[in-house]
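Residues per chain are reported as follows:
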Amino acid sequence: MTGYCEAANVSDLADGALFRGTVCGREILLARAGGQFYATDPLCPHLQADLSLGSLHGTILTCPLHNSQFDLRDGHVVRWTDLSGTVLTYDKKAHPSRPLRCYPVKTEGGRFYILLP
Ligand code: FES
C-alpha cells in the first residue's frame with residue numbers, strides 16, 4: 001500500500017514515548033520527541049533488536065542491545081554499537097553501519113499519519 005496511513009491520535013503518544021505498532025499492515029516504530037512525530041522501522045539495522053525497548057533522549061534513539069544510536073530526524077547513525085576490540089573488528093565486517101529507515105509523517109486534525117512506500 002502507498003500513501004499516508006493513519007497511525008494514531010496525536011494525544012496517544014506522550015513526548016519521549018516509543019511505541020511499536022502495525023500501520024497499514026507494516027510494523028512501525030512511532031516516536032514523539034520535542035513535540036515532533038517520527039516513524040521508523042521497529043528493528044535495529046545492526047542485529048534486529050526491538051527498538052521500542054530502547055531509550056530516547058531528544059531525537060537520539062539508543063538500541064537496547066548494543067547501544068547503537070540513531071537520529072530519528074533522518075535515521076543517520078550517531079554511534080554504531082558499543083562493541084570494542086576483536087569483537088568490534090569482526091562485527092564491522094559482518095554488520096557494516098547502516099542508517100535506520102525513517103518515514104515521512106504529518107499531523108492533521110489531531111491525527112498522526114505516516115507515508116509508507
Ligand atoms: S542490535 Fe541494535 S546495536 Fe546491536
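Since this is a predicted model, take the numbers as computed values, not measurements.

Cut-offs used in this document
Residues numbered from 1 in each chain as written. Predicted model: local features only at pLDDT ≥ 70, side-chain atom pairs only at ≥ 80, totals over all residues. Heavy atoms only, no water. Helix = DSSP H or I, 4+ residues; strand = E, 2+ residues; numbered from the N terminus. Rg over C-alpha atoms; globule rule 2.2 N^0.38 Å. Buried < 20%, exposed > 50% of the residue type's maximum accessible area, 1.4 Å probe, protein only. Contact = heavy atoms within 4.5 Å. Pairing = 2+ DSSP bridges. Axes fitted to C-alpha atoms, helices over the stretch in contact; angles between N-to-C directions.

Participant: Which residues make up the overall build of the protein chain, and what are the values?
Facilitator: In terms of regular secondary structure, the protein chain is built from 1 helix and 11 strands. Starting at the N terminus and ending at the C terminus, the protein chain contains elements arranged as β-β-β-β-β-β-β-β-α-β-β-β. Rg of the C-alpha trace for the protein chain: 15 Å, near the compact-globule value of 13 Å for 117 residues, within the 12% margin. Summarising its shape, the C-alpha atoms of the protein chain cover approximately 50 × 30 × 20 Å along the three principal directions. In the protein chain, which comprises 117 residues, the proportion classed as buried is 38%. The long-range fraction of contacts in the protein chain, counting pairs at least 24 apart against all pairs at least 6 apart in sequence, stands at 44%.

Participant: Outline the sheet that holds strand β8 (residues 77-79), listing residues and values.
Facilitator: Pairing within the open sheet is antiparallel, and its 4 strands lie in the order β5-β6-β7-β8. Each having just a single partner strand, β5 (55-57) and β8 make up the two edges of the open sheet. The average angle at which neighbouring strand axes cross in this sheet is 30°, direction not considered.

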